[in-house]
Amino acid sequence: MRLELRVCQHCLNGDAGHGGEQKSELLQDMVACAEVIQEYKDVIDLEEVHIRRVRDDEQGKPEALPVVAATIQNDQIVLNDTQLVAEGQDGTMLLYANPDDILTVLAGNVDEISKAVPGDVTVDLSETGARIVSEAGLGADPDRQPDQ
C-alpha cells in the first residue's frame with residue numbers, strides 16, 4: 001500500500017490569502033502525522049509514503065500516485081491542492097479531498113503505529129485538529145458499536 005499527501009505550501013506556511021491560521025494549523029497537523037507514518041511505514045505495512053508540498057506554479061501535480069482531485073469553481077476546473085491518495089495492494093485508489101477526512105485517516109494510521117511501537121509516537125495536534133479527530137471516534141468503543 002502507498003500513501004501520498006498533497007498540501008498547499010503557501011497555506012502550510014500561513015501566507016496571506018491562503019486560507020488563514022486555522023487552515024495552516026490543520027495542514028501542519030496533517031504533515032506532522034504523515035511524517036510519523038513515513039518514519040514508521042514498515043510497522044503498518046506501507047511500501048511508500050510521500051508528502052508533496054504544492055506551490056502555485058504546480059498545483060495538485062502528483063509525486064508518485066497519478067490521481068488528482070478537482071472541483072468546479074466559477075465554471076472553471078480547479079485542482080484541489082490538499083488531498084490524500086491511498087493505493088491498496090490490489091491497485092485500488094482511494095482519494096480523500098475533505099481536510100477533516102484526511103486528518104482522520106492520517107491520525108488513525110498514527111494510532112495504529114502507536115499500538116505497535118514501544119515509546120511515544122503521538123502527534124501534538126492543534127486545537128482544531130484534536131477536535132476533528134476526537135469527533136471522528138477513532139478506535140474501538142464498545143458503547144458505539146452497531147446493534148447486532
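All residue numbers refer to positions counted from 1 along the written sequence of the respective chain. Confidence filtering applies because this is a predicted model: local features only for residues at pLDDT of at least 70, side-chain atom pairs given and counted only at 80 or more, and all residues used for totals across whole chains, interfaces and linings. The basis for every side-chain value is the complete set of heavy atoms in the structure, and neither hydrogens nor water enter the calculation.

Undergrad: What is the right way to read a nonpolar patch on the surface from this model?
TA: Put simply, a patch holds well-exposed residues, over 30% relative accessible area, that have no salt bridge, with like charges counted together within 9 Å and Val, Leu, Ile, Met, Phe, Trp or Tyr side chains within 5 Å. Computed with the Shrake-Rupley method and a 1.4 Å probe, the accessible areas treat only the protein chains shown as cover for residues. Here, a salt bridge means any side-chain nitrogen of Lys or Arg that lies within 4 Å of a carboxyl oxygen of Asp or Glu. The grouping of Val68, Ile72, Ile77 and Leu79 at the surface amounts to a nonpolar patch, some 390 Å² of accessible area in total. Secondary-structure assignment places valine 68 in the loop between strand E2 (48-54) and strand E3 (70-73). Secondary structure elements are defined from DSSP: runs of H or I of at least 4 residues count as helices, runs of E of at least 2 residues count as strands, and each element is numbered from the N terminus.

Undergrad: Would you mind showing me how to read the nonpolar core here?
TA: The nonpolar side chains of soluble globular proteins are, as a tendency, buried together. Among the nonpolar cores identified, the biggest contains 30 residues, and Leu5, Val7, Met30, Ile37 and Leu106 are the most heavily contacted of them. The set of elements that each furnish at least two residues to this core consists of strand E1 (2-8), helix H1 (9-13), helix H2 (20-39), E2, strand E5 (83-87), helix H3 (99-116) and helix H4 (127-136). No other element matches H2, which puts eight residues into this core. Any two residues whose heavy atoms approach within 4.5 Å at even a single point are treated as in contact. When neighbours within four sequence positions are excluded, leucine 5 is seen to be in contact with Met30, Val31, Ala34, His50, Ile51, Arg52, Gln83, Leu84, Ile102 and Leu106. In this text, buried Ala, Val, Leu, Ile, Met, Phe, Trp, Tyr and Cys residues form a nonpolar core when linked through side-chain atoms within 4.5 Å. The classification of residues rests on relative accessible area computed with a 1.4 Å probe and restricted to protein chains. Under 20% of the type maximum is buried, over 50% is exposed, and intermediate values are partly exposed.

Undergrad: Explain the sheet that holds E5 to me, please; I cannot follow it from the model alone.
TA: The strands making up a sheet associate through hydrogen bonds between their backbones, and the pairing can be parallel or antiparallel. A pair of strands counts as paired when DSSP detects no fewer than two bridges linking them. Taking strand neighbours across the sheet as the criterion, the four strands line up as E2-E1-E5-E6 in an open arrangement whose pairing is mixed. In this open sheet, the two edge strands, each paired with only one partner strand, are E2 and strand E6 (93-96). Neighbour to neighbour, the strand axes of the sheet diverge by 15° on average, direction disregarded. Pairing analysis gives four bridges linking E5 to E6, with the strands arranged antiparallel. Bridge pairing in E6 links valine 85 to leucine 95. Axes here refer to lines fitted to C-alpha atoms; in helices the fit is confined to the stretch in contact. Angles between the N-to-C directions go from 0 to 180 degrees.

Undergrad: Could you clarify how one ought to interpret the packing of H3 against H4 in this entry?
TA: A pair of packed helices can be characterised by two numbers: the angle between their axes and the separation between those axes. For the pair H3 and H4, the least separation of the axes is 9 Å and the interaxial angle reads 75°. Classified by the angle their axes make, H3 and H4 are roughly perpendicular. Residues Asp100, Leu103, Thr104 and Ala107 of H3 pack against Gly129, Ile132, Val133 and Ala136 of H4. Any residue that is not Ala, Val, Leu, Ile, Met, Phe, Trp, Tyr, Cys, Pro, Asp, Glu, Lys or Arg is counted as polar, Gly included; the first ten are nonpolar and the last four charged. Among the residues forming the contact of H3 with H4, the class breakdown is five nonpolar, two polar and one charged. Here the word oblique covers every angle except those under 35 degrees (roughly parallel), over 145 (roughly antiparallel) and from 65 to 115 (roughly perpendicular).

Undergrad: Mind showing me how you'd approach H4 here?
TA: Because the α-helix completes a turn every 3.6 residues, residues three or four places apart line up on one side. Listing the buried residues of H4 in full gives Thr128, Gly129, Ile132 and Val133. Within H4, the buried residues cover an arc of 130° as seen down the axis, which keeps them to one side. Facing away from the buried side of H4, by more than 90 degrees, are the exposed residues Glu127, Ser134 and Glu135. In this structure, the buried side of H4 is in contact with H2 and H3. Each C-beta atom gives one direction from the helix axis, and the arc is the one those directions make.

Undergrad: Is there a simple way to explain the confidence of the model for the protein chain in this structure?
TA: Atomic detail in the predicted coordinates should be set aside for any region of low pLDDT. Mean pLDDT over the protein chain works out to 84, with 86% of the residues at or above the 70 mark. Summarising per-element confidence for the protein chain, the mean pLDDT is lowest in strand E4 (residues 76-79) (82) and highest in H3 (93). Confidence of the predictor at the level of single residues is captured by pLDDT, which takes values from 0 to 100. Across residues 144-148, where pLDDT falls below 50, the model places two contacts with residues more than four positions away in sequence or in other chains.

Undergrad: I'm lost on the pattern of salt bridges in this one. Help?
TA: Enumeration according to the criterion identifies seven salt bridges in this entry. We note a salt bridge from arginine 6 to glutamate 4, for which the minimum N-O separation is 2.8 Å. On the basis of relative accessibility, which here comes to 0%, the residue arginine 6 falls in the buried class. Owing to a relative accessible area of 0%, glutamate 4 belongs among the buried residues under this scheme. The partner of arginine 53 in a salt bridge is glutamate 35, and the shortest N-O contact between them spans 3.4 Å. Taken as a pair, arginine 53 in strand E2 and glutamate 35 in helix H2 lie far apart in primary sequence, 18 residues in all. Residues joined by salt bridges that share partners form a network here, namely Arg2, Glu48 and Glu87.

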